[in-house]
Amino acid sequence: MKDNSLHIVSDEVLISSLAEGDSKAIGQIYSSYYPAIEKMVFKMNGSVDDAFDIFQDSVTILYEKAKANNLQLSCKLSTYLIAIAKHLWLKKLSKLKKQSFSVLHDNMEENIRIDDDIDQFLEFENNVSKLTKCFEQIGDPCNGILKAFYIDNKSMQNIAIEFGYTNPENAKTQKYKCLNRLRKMFFNEPELKEKNERKC
Amino acid sequence: MNENANIYEQIEKYCLDLMDEKECYYFEQEIAKNPALAKSVHEYQILLHSFDHQQSRQFIHDSLSTFHHQHRSHTVVLFTQLKLHVNKYWRTASVAACVALIASVFTFITVRSIYKHDTKGVYETLRLVSKEINSIKKNQGDIKNEVGNLKKKSAAIPDYPSKYSGTGFALNNSGYLVTNLHVIDGFSKIFVFTNDNVGHPSEVVATDEINDLAILKINESDFSFHDKVPYSIRKSNPNIAQRIYSLGYPKNDIVYNEGYISSTTGFEGDSNRFQLELPSGPGVSGAPILDESGNVVGIISGKQSQTEGVTFAIKTQSLLSLCKTLPSDFESNGINTSEIKGQTRTQQVKKIQPYICVVKVYN
């Protein structure tokens, strides 16, 4: 009993420091949970690289949920992470082998309900790879401006200086134009798909 | 153009939740009236989420990579990677030996051509070179021995007594077995003893903590049972009052027991298990429960401590779903049909016996 409550406290603390992006918390998550997940992926025919990929994805899910303050754990953090990792690995495995493994639903996992988290994550991953393709094709200066603003969190002022606009207002107008172009490419440009398919 | 930019600015402000209440109210009304605007807003939201996600994943990937690389450079090779290690060792060792041999032959030829006329010199170098070759041979022998030892270490049965023992039964004839997780949990040296009393090193390939199940695989590429597994695994729930029997290893020899299903739920109503009236003792954990036609209907997992004769078993559904998580080299063709239906109990037991094994774990 005592042991249990201890776990809950440290899990909570860990999650809130993770939400703040504390690198110590990430280090602790790595050292506490990676070995178990590596072992599990090994057992299910995966390599070290597979295990680490799966672990990165699982922690990303945890981080995003923690950041959005959207994580209500009904179990220990380790159980949650292992369940996420297992599902992700089985999904990846069935994709690789083009054959489906039905994911084992035992009571424990039904209580955790991670399917939605995983589906949302996979959708995001899909969007990000689409986004990367769009960025490849959108060209300069849009590529640079959008990345600087939305991914590197630079201020409009700095962006104006970096990209040679007379004032932040002009840079902002340009940014909206770029975003609009990106949106069109992302959502309804059929040629984008074809081009990329040819590339592959 | 400016007007356009203004709309985008508003959309972005709305998506990022930067509007005040009044502004937000009017904008939402606008969205409700204007489907084109609603579509734009929705698409912006997806884009902004994608940006966010890219940011988060990059942050986590980068931070974890740092820890991962620090960790990798410190750790000793894991036991599970032993095989890989042995392979690597061999390659390096043989390359090193070849290089050394070529070098010494080259030295021998060169030196001989230089001291062509000096017989004493030739004798000296000859002796030296032969010594050199001998030491290389010796080195190679050492390496061979070491690799051999490494291999043996993982395969030899320890000479000290085992820590726990339980029962396991075959799931197919190529070395997959099931037992209770509690029998092997936390141990890496696991040996399966077949009924000819030969121990086989094994590894865990799947576990189910909740249902206390573990699937083992015998780690020998040439291992197989003599024939197809004779029993099948029943998919449906067990029936109350059904007569059953079990085969397990509470001692060094196999022990037969019979009884009946006394309840279709387990301890305190646990619906993943069921209750048997069947004597059991330590060592029979993981033993199969069979019905009269030789179908496995459950796996023994424990007993009630106060009441003598009450045993609990895990239902086969849990086992079947665990089997589904196994990699594709697992063939379950053995467990779909019972070969022993309609035979007498003695005949059945005789056929089943070789497929029931002792599982022992060592520190």
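Here's a quick rundown of the structure.

Basis of the calculations
- Residues numbered from 1 in each chain as written.
- Chains lettered and ligands numbered in written order.
- Predicted model: local features only at pLDDT ≥ 70, side-chain atom pairs only at ≥ 80, totals over all residues.
- Heavy atoms only, no water.
- Salt bridge = Lys/Arg side-chain N within 4 Å of Asp/Glu carboxyl O.
- Core = buried A, V, L, I, M, F, W, Y, C linked by side-chain atoms within 4.5 Å.
- Buried < 20%, exposed > 50% of the residue type's maximum accessible area, 1.4 Å probe, protein only.
- Helix = DSSP H or I, 4+ residues; strand = E, 2+ residues; numbered from the N terminus.
- Contact = heavy atoms within 4.5 Å.
- Axes fitted to C-alpha atoms, helices over the stretch in contact; angles between N-to-C directions.
- Parallel < 35°, antiparallel > 145°, perpendicular 65-115°, else oblique.
- Nonpolar A, V, L, I, M, F, W, Y, C, P; charged D, E, K, R; others polar.
- Patch = residues over 30% accessible without salt bridge, like charges linked within 9 Å, V, L, I, M, F, W, Y side chains within 5 Å.
- Areas by Shrake-Rupley, 256 points an atom, 1.4 Å probe, with all protein chains shown as cover.
- Disulfide = S-S within 2.5 Å.

## Some details on the pattern of salt bridges
A full pass over the atoms with the stated rule returns 13 salt bridges over all chains. A salt bridge links Glu162(A) to Lys154(A); the nearest nitrogen and oxygen atoms lie 3.1 Å apart. Each of Arg183(A), Lys39(B) and Glu43(B) takes part in a single network of salt bridges with overlapping partners.

## Re the nonpolar core
The biggest cluster of nonpolar side chains holds 49 residues, and the ones touching the most others in it are Phe169(B), Leu171(B), Ile184(B), Ile215(B), Tyr231(B), Leu319(B) and Ile352(B). Of the residues forming this core, the biggest block, six residues, is contributed by strand β13 (residues 356-362) of chain B. Beyond its immediate stretch of four places on either side in the chain, Ile184(B) contacts Ile190(B), Val204(B), Ala214(B), Val359(B) and Val361(B). Judged by nonpolar contacts, the second largest core, of 38 residues, contains Leu14(A), Tyr30(A), Tyr33(A) and Val41(A).

## Quick word on the packing of helix α3 (residues 48-67) of chain A against helix α6 (residues 115-138) of chain A
All names here are of chain A. Their axes nearest at 11 Å, the elements α3 and α6 cross at an angle of 105°. With respect to α6, the element α3 is oriented roughly perpendicular. The residues of α6 that touch α3, namely those facing Asp57, Thr60, Ile61, Glu64 and Lys65, are Asp117, Ile118, Phe121, Phe124 and Glu125. Here the residues of the contact of α3 with α6 sort into four nonpolar, one polar and five charged.

## What about the side chain of Glu43(B)?
Examined against the element boundaries, Glu43(B) turns out to sit in helix α3 (residues 35-74). When neighbours within four sequence positions are excluded, Glu43(B) is seen to be in contact with Arg183(A) and Phe187(A).

## Considering the side chain of Asp117(A)
On the secondary structure map, Asp117(A) appears in helix α6. Classification of Asp117(A) as buried rests on a relative accessible area of 11%.

## A few points about a nonpolar patch on the surface
All names here are of chain B. A cluster of nonpolar side chains, Leu101, Val105 and Ile109, forms an exposed patch at the surface whose accessible area comes to about 260 Å². Within the secondary structure, valine 105 is located in helix α4 (residues 82-114). A relative accessible area of 40% places valine 105 in the partly exposed class.

## Things to note about the state of the cysteines
In protein chemistry, a disulfide is the covalent bond that joins the sulfur atoms of two cysteines. Residues and elements named next belong to chain A. Applying the stated criterion across every chain, the model contains one disulfide over all chains. Residue cysteine 142 pairs covalently with cysteine 178 via a disulfide, S to S 2.2 Å. Disulfide cysteine 142-cysteine 178: the torsion about the S-S bond is -75°, which places it as left-handed. Here the residue cysteine 142 occupies a position in helix α7 (residues 142-151), and cysteine 178 occupies one in helix α9 (residues 168-188), the gap between them amounting to 36 residues. Comparing cysteine 142 with cysteine 178, the two get one shared label, buried.

Without other data, these values stay purely geometric and don't point to any function.
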